[in-house]
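Chain by chain, the residues run as shown.
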Amino acid sequence: MTTAYSYFTRAEAVIAGLLLLTMVALIFAAGVARMLHHPLNWSIDLATCCFAWAAFICADIAWRRNLLMSIDLLADNGPAWLGRALFYLNHLLIVAFLLYLVGYGLSLTWTTRARSFNGIPGVSYSWVTASLPAGALLMLLTTGLKLRARLAEDGVLTPAKG
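From a predicted model like this one, the values you see are computed outputs, not experimental measurements. Note that residues are indexed from 1 along each chain, following the sequence as it is written. Given that the model is predicted, a residue must reach a pLDDT of at least 70 before its local features are reported, and side-chain atom pairs must reach 80 or more before they are shown or counted; all residues, however, enter totals for whole chains, interfaces and linings. Only heavy atoms go into the side-chain values, all of them from the structure, while hydrogens and water stay out.

*Asks:* Got a minute to help me understand the packing of helix H1 (residues 2-35) against helix H6 (residues 131-153) in this structure?
*Replies:* In helix packing, the relevant descriptors are the interaxial angle and the interaxial distance, both defined with respect to the helix axes. To get an axis, fit a line to the C-alpha atoms, keeping to the stretch in contact for a helix; angles then go from 0 to 180 degrees between the N-to-C directions. Counting from the N terminus, the helices are the DSSP runs of H or I reaching at least four residues and the strands are the DSSP runs of E reaching at least two. Closest axis-to-axis distance for the H1/H6 pair is 14 Å, and the angle between their directions is 140°. Classified by the angle their axes make, H1 and H6 are oblique. Crossing of H1 over H6 shows left-handed handedness. For the pair formed by H1 and H6, the contact residues are Tyr5, Phe8 and Glu12 on the first element and Leu138, Leu141, Thr142 and Leu145 on the second. Amino acid classes used here: Ala, Val, Leu, Ile, Met, Phe, Trp, Tyr, Cys and Pro are nonpolar; Asp, Glu, Lys and Arg are charged; the rest, including Gly, are polar. When its residues are assigned to classes, the contact of H1 with H6 shows five nonpolar, one polar and one charged. Working rule for angles: under 35 degrees goes down as roughly parallel, over 145 as roughly antiparallel, 65 to 115 as roughly perpendicular, anything else as oblique. Two helices cross in a left-handed way if the nearer one is turned anticlockwise from the farther one by less than a right angle. They cross in a right-handed way if the turn is clockwise. We call two residues in contact whenever any of their non-hydrogen atoms come within 4.5 Å of each other.

Quick look at the structure:
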């Protein structure tokens, strides 16, 4: 499991990087083409799609690496039991929110299936909105792994074997 997950996280980082590079290249190409009086109307729409997917994938990467903003004043300076309680409360709230995002995102993706991009007729806008439930599922997996690791650390579960 650990080896497969490490390959998965590496692939996730590569995909996020490629999406960000593609977005920048598309926007640059659109600017150059517009300057040459041959606008690429589809490039901004495709860049928007790349941005949406990259944003949610990068959010999962940041969440996994504990790089998101947090305020740990009470957890770090209070008693140990308070820090543990706040950790579990916070992560359960995150799970609830991510489950909501998955449900809402799936509904939004279904609703936008008939809408097409302005610059790319025939391609469904649901390719953009599908990034919401996909990103929420990735973050839900990360949150579950964080909870499992903390439960093992607190002696509630046996540590996972890699």
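*Asks:* Quick question: what am I supposed to make of the packing of H1 against helix H2 (residues 41-64) here?
*Replies:* Direction vectors running N to C along H1 and H2 enclose 150°, while the axes themselves pass 8 Å from each other. Taken together, the axes of H1 and H2 are roughly antiparallel relative to one another. The handedness of the crossing between H1 and H2 comes out as left-handed. For the contact of H1 with H2, the class distribution of residues is 21 nonpolar, three polar and three charged.

*Asks:* Would you mind showing me how to read the confidence of the model for the chain here?
*Replies:* Should pLDDT be low for a region, the predicted coordinates there are not to be read in detail. Predicted confidence across the chain gives a mean pLDDT of 92, with 97% of residues reaching 70 or more. One number per residue, pLDDT, summarises how confident the predictor is, and it ranges from 0 to 100. Across the chain, the element-wise mean pLDDT spans from 82 in helix H3 (residues 73-77) up to 96 in H6.

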